[in-house]
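Residue-level structure breakdown
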Amino acid sequence: MENDILIQTKDLVKIYPMGSQDLVALEKVNLTFKKGEFAALVGPSGSGKTTLLNIIGSLDTPTRGSAIVMGLEVEKLSHKKSAELRNKHIGFIFQTFNLLPVYTVYENVEFPLLLSDVPASERKQRVMQALEWVKLADRHRSKPNQLSGGQSQRVAVARAIVKMPSIVLADEPTANLDAENSHNVMQIMEGLNKELGMTFIFSTHDEKVVQYMRRIISLDDGRVAKDEFVKSVKKRV
Amino acid sequence: MIKFLIKGLLRDRSKSLFPVLTVTAGVTLVVFAICWVGGVQTNMMSASAHFRTGHVKIMTRAYAEQSDLLPVDLALVGTDSLLGHLKASYPGMIWTQRILFAGLLDVPDESGETREQGTVAGIAISVLDPGSPEHKFLEMEKSIVRGRMPQKSYDCLISETFAQKLKVNPGDEVTLIGSTMFGAMSMTNFTVAGTVRFGISALDRGALIADITDVQTALDMDNGASEILGFFTDDIYHREKAVDLAEQFNIKNTDPDGEFSPVMLALEQQEGLAGMLDMVGMMSSVIITIFIVVMSIVLWNAGLMGNIRRYGEIGVRLAMGEAKGHLYRSLLLEAFAIGIFGSLIGTVLGLIVSFYLQYHGIDITSFLKDSTIMLPDVMRARVTSSAYFIGFLPGVCATFLGAAISGIGVYKRQTSQLFKELEV
Ligand SMILES: Nc1ncnc2c1ncn2[C@@H]1O[C@H](COP(=O)(O)OP(=O)(O)O)[C@@H](O)[C@H]1O
Ligand SMILES: [Mg+2]
C-alpha cells in the first residue's frame, strides 16, 4: 500500500513576501495522492491551486514543510535533479496551452523526448502514439496557429503524456475551451487514466471538469477545506 | 537537440533575423567608424607629409637645427649621389629633393624699373620632369588658378593671392633676388607660367614654385638641396617604420661632430607633430572606445530583451524537464552564433563601405573654404588591419554578455514565475 503513494505533502507552507506583510498562499497543506488517482483541486481564484500544483511539479519550492514526489523531497532537489524528475515522471498541462509556436505539432510533442536521448526511431513511434491518443495524428505537420483551442490543448496533452509519466498536472486545462472541447479533452484524459493508470491532478473551478473527478479537494485561502472521494460519477453531456 | 534549436532559430525571425540585423548594423558602424577616423588621421598626416615633412626628411644637422630660417648656406651638397644611394638602399621608398629659400620678388614695369616687390617663400622641386613624384604630392595641376604648369626652364608658379598683390599675370617676367649658398646676392629672371592656390594659408600668402635645377643654378648650389624627403610607396605614414628607418640611417650616416653630415627625421620628429599625432591617436581611440561601449550596450540590451521575450518558451522548456544549465547553455550558444554571424556580415559591410571611401573619398572642399588648417580636400577612409576583427568585440562579446546576464534570470527566478510573467 505504501508503495502506491506518489505524492505526499507535509505541513506545506508557501509564503510570498509582499512588501511589509507576507502573503500566505498555502497554509499547512497535508495531502497524499496514490497511483491512478483522478483528482481536482477546486476553489476560488487565489486559493492556492496553482501554487500547490507548481510545488508538486517542482517548478516551485515550499517555504516550509515538504513535498515528496516519487520518493524525492522536491525542496531538496538540485536544478538538475528536479529537471530530471519533471522530465521522467511529470507531465504539465496549462490553461494557455503553451505550445511553442515555431514548431510543428510533431516537434512540440517530440521535445520532451529530445531531452532524454530517446533514439530517433523510438521517438517517432512514441510521438505518433501520443498523437493517436488525442486523435491528432493527421495534424502532426500543422503549426500551433493552425489549430483550434481544443486541438491545441489536445496537443498539449499529447506532449504531457508522450513520456508516459506517472503524474500529469493540469492547471485549469479547460478555462480557455468551450463546453464541447472541454468534454472532449476531459474524456481523453479520463481514458488515459483508466487505460494507462496515469495519475491526474487538476486545478479547476469548472463544473464540467469536476463531474469527471473521483476525488475533489477544496482549497480555501491556502487551506484544505474539504477532501472527498466521489463514488458515483455524474451524468455527462 | 541542436537540430531542434537551429530550427527554432531559423523559423523565428525575432530570434534570428532581427538580432543578426542589430548586430550587423552595430558592427558595420564600428568598423566604418574605425576606418573613417583612421582615414582622417592619415589624411591629416598626408597633407603635412606632402607639403613639408615627408614621411622622413634628410637635412644637414646644422640645417635641422635652424630649419625655420630656411638657411640655404647649410644645405646638403652632393645630393645626386646621396639620392642615388638612398634609392638603391631603400627600394620601398620614394625620394625627392627640395630647396626652401627666402627671397624678394621684384616685378619690373615696361622700362625695367621696379613696379612691385614682395618677400617670397620659395619652394624648388622637380617640376619639369613629368615623372616626378612631386606632381602627385603637391597636386599642382589641380591647384592651378590661372595659366599653366611650368614647361620650360625658368618657368615658375606663384600663389594666386601673391600674384594679385603684386598685380602679376601669367606670362609676366619677375626677378628673384636672393642669396647664394655662399652668401652672395643673386638675381634671376623667371616667367610666371601660372598661379596656384593650395588652400593652405602658409603657402598661399607668398609662395614661388620653380624647378630645382633652375634654383640650384640661381642660388649657386649645384648638386645641393636643403632637404631630401622620403615617402613610403603606399603614401601612408607608418609611425614605427619611419622612426626606425630614421634611427638606422642616423646610426650609419650621421657624424655627431659634423655640422654638415646628414640627419634623418621622421615626420613626427619634426615641427612638434608627434604631439599632434598622439592627440589625434588618443582622440580616435576615445571615439572608437565610446562607439564600442555604446554599441555594446545596445547589443547587450537587445540580447536582454530577446531573452525576456522568451520567458514563455523558457518556462515551457523547464516544465518539460530541461535542466536550467542545459537551457542556459543553449541560450549562450544561440547568442554566440548570432554574434558571430552578425559580426561577420557587419564586418564585411563595414569594410565594403570603407574600401569604397578609401578609393573615392568625400570632397570636403566646401567645408574648408575659409580654413587655414592643413587639410586635404578629399577625406578618405582607411582600412586598417584592426578593422577586420575589431567589430567582433562588440558584436560577439556584447551579444554573448547580454544573453549571459539576462539568462541569469533563468537561474534566479522560480520557474513558476516565468509563467506568471507570461500571463501579464
Ligand atoms: N509569485 C507570486 N508572488 C506573489 N504572490 C503570488 C505569487 N504567485 C501567487 N501569488 C498569490 O498567491 C495566492 C495563490 O495564488 P494561486 O496559487 O495562483 O491561486 P489559484 O491558482 O488558486 O488562483 C494568490 O493570492 C496570488 O496572488
Ligand atoms: Mg491558478
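All values derive from a computational prediction rather than experimental measurement.

Some words on the overall build of chain A
Each helix and strand counted, chain A has seven helices and ten strands in total. Compactness check: chain A gives a C-alpha radius of gyration of 18 Å against a globular reference of 18 Å for 237 residues, within 12% of the reference. Principal-axis analysis of the C-alpha atoms gives chain A an extent of 50 × 45 × 45 Å. For chain A, buried positions account for 56% of its 237 residues. Expressed as a percentage of contacts within chain A between residues at least 6 apart in sequence, the contacts between residues at least 24 apart total 69%. For chain A, the accessible area works out to roughly 10600 Å², and carbon and sulfur atoms hold 49% of it.

A look at the nonpolar core
Residues and elements named next belong to chain A. Counting 41 residues, the largest nonpolar core has Leu-131, Met-189, Phe-202 and Met-213 as the members making the most contacts within it. Put simply, the parts of the chain that give this core at least two residues each are strand 3 (38-42), helix 3 (105-114), helix 4 (120-133), helix 5 (149-161), strand 7 (167-171), helix 6 (179-196), strand 8 (199-204) and helix 7 (207-210). Tallying contributions element by element places helix 5 first for this core, with six residues. Aside from chain neighbours lying at most four places away, what touches Met-189 is Phe-38, Ile-93, Val-157, Pro-173, Phe-200 and Phe-202.

What about the sheet that holds strand 4 (residues 64-69) of chain A?
Residues and elements named next belong to chain A. Reading across from one edge, 2-1-4-5 is the order of the four strands in this open sheet, with antiparallel pairing throughout. Strands with a single pairing partner mark the edges of an open sheet, and in this sheet they are strand 2 (21-34) and strand 5 (72-73). Where strand 1 (residues 5-18) lies against strand 4, five bridges are found, and the strand directions are antiparallel. When the bridges of strand 4 are listed, Thr-9 appears paired with Ala-67.

So, a nonpolar patch on the surface
Residues and elements named next belong to chain B. The grouping of Phe-336, Ile-340, Phe-341, Leu-344, Ile-345, Val-348, Leu-349, Ile-352 and Phe-400 at the surface amounts to a nonpolar patch, some 760 Å² of accessible area in total. Among the secondary structure elements, Leu-344 is positioned in helix 13 (residues 324-359). On the basis of relative accessible area, Leu-344 is assigned to the partly exposed category, the value being 45%.

Observations regarding helix 5 of chain A
Over its 13 residues, helix 5 of chain A extends 19 Å from the first C-alpha to the last, a length consistent with the 18 Å expected when each residue adds 1.5 Å. The buried count for helix 5 of chain A comes to twelve of 13 residues, which makes it a mostly enclosed element. Residues of helix 5 of chain A that are buried make contact with strand 6 (90-93), helix 3, helix 4, strand 7 and helix 6 of chain A together with helix 12 (311-319) of chain B.

Details of the interface of chain B and chain A
Counting from both sides, the interface comprises 24 residues of chain B and, opposite them, 24 residues of chain A. Summing both partners gives a buried area of about 2300 Å² for chain B against chain A, and 65% of it is carried by carbon and sulfur. At the boundary of chain B with chain A, the tally comes to two salt bridges. Here Arg11(B) and Glu107(A) are joined by a salt bridge, their closest N and O atoms 2.6 Å apart. For the side of chain B that touches chain A, the secondary structure elements donating two or more residues are helix 1 (2-11), helix 12 and helix 15 (415-423) of chain B.

Structural notes on unusual backbone geometry
Within the chain, Ser58(A) stands out as a residue other than glycine whose phi angle is a positive 55°. Relative to the assigned elements, Ser58(A) resides in the loop between helix 1 (49-56) and strand 4. Positive phi, close to 55°, is recorded for Lys167(B), a residue that is not glycine. Residue position: Lys167(B) is located in the loop between helix 7 (160-166) and strand 7 (173-179).

Considerations on helix 2 (residues 17-53) of chain B
Residues and elements named next belong to chain B. With 37 residues, helix 2 should cover 54 Å at 1.5 Å per step; its first-to-last C-alpha distance of 51 Å lies within 8% of that length. The buried fraction of helix 2 amounts to 26 of the 37 residues, a majority that puts the element mostly inside the structure. Within two residues after helix 2, Gly-54 carries a phi angle of roughly 65°, on the positive side.

Digging into the sheet that holds strand 6 of chain A
Residue and element names in this part refer to chain A. Pairing in this open sheet of six strands is mixed, and the strands run 6-7-8-3-9-10 from one edge to the other. Only two strands of the sheet have a single partner each, and these edge strands are strand 6 and strand 10 (223-229). On average, each strand axis in the sheet is inclined to that of its neighbour by 15°, with strand direction left out of account. Bridge analysis of strand 9 (residues 215-220) against strand 10 gives six bridges, and the strand direction is antiparallel. Of the residues in strand 10, the one forming a bridge with Ile-216 is Glu-228. In the packing of helix 6 onto the sheet, the strands contacted are strand 3, strand 6 and strand 8, and the crossing angle to strand 8 comes to about 150°.

What to know about the confidence of the model for chain B
Per-chain confidence: chain B averages 86 in pLDDT, with 94% of residues scoring 70 or above. Taken over the whole predicted complex, pTM reads 0.75, whereas the ipTM for its chain interfaces reads 0.92.

Let's talk about the pattern of salt bridges
Scanning the entire structure with this criterion turns up 25 salt bridges over all chains. In this structure, the salt-bridge partner of Glu110(A) is Arg123(A), at a minimum N-O distance of 2.9 Å. Linking Glu110(A) in helix 3 with Arg123(A) in helix 4, this pair joins segments that are 13 residues apart in sequence. Take Glu110(A): its relative accessible area is 10%, and that puts it in the buried class. Judged by its relative accessible area of 17%, Arg123(A) is buried. Of the charged contacts in the structure, one is a salt bridge between Asp155(B) and Lys152(B), with a shortest N-O distance of 3.1 Å.

Overview of the packing of helix 2 of chain B against helix 13 of chain B
All names here are of chain B. Between helix 2 and helix 13, whose axes approach to 7 Å, the crossing angle comes to 35°. Crossing angle aside, the handedness with which helix 2 passes helix 13 is right-handed. Here the residues of the contact of helix 2 with helix 13 are counted per class, giving 15 nonpolar, nine polar and no charged.

What counts, and at which threshold
Residues numbered from 1 in each chain as written. Chains lettered and ligands numbered in written order. Predicted model: local features only at pLDDT ≥ 70, side-chain atom pairs only at ≥ 80, totals over all residues. Heavy atoms only, no water. Helix = DSSP H or I, 4+ residues; strand = E, 2+ residues; numbered from the N terminus. Rg over C-alpha atoms; globule rule 2.2 N^0.38 Å. Buried < 20%, exposed > 50% of the residue type's maximum accessible area, 1.4 Å probe, protein only. Contact = heavy atoms within 4.5 Å. Areas by Shrake-Rupley, 256 points an atom, 1.4 Å probe, with all protein chains shown as cover. Core = buried A, V, L, I, M, F, W, Y, C linked by side-chain atoms within 4.5 Å. Pairing = 2+ DSSP bridges. Patch = residues over 30% accessible without salt bridge, like charges linked within 9 Å, V, L, I, M, F, W, Y side chains within 5 Å. Salt bridge = Lys/Arg side-chain N within 4 Å of Asp/Glu carboxyl O. Expected span 1.5 Å × (residues − 1). Buried area = accessible area lost by both parts, 1.4 Å probe. Axes fitted to C-alpha atoms, helices over the stretch in contact; angles between N-to-C directions. pLDDT = per-residue confidence, 0-100. Left-handed = near helix turned anticlockwise from the far one by under 90°. Nonpolar A, V, L, I, M, F, W, Y, C, P; charged D, E, K, R; others polar.

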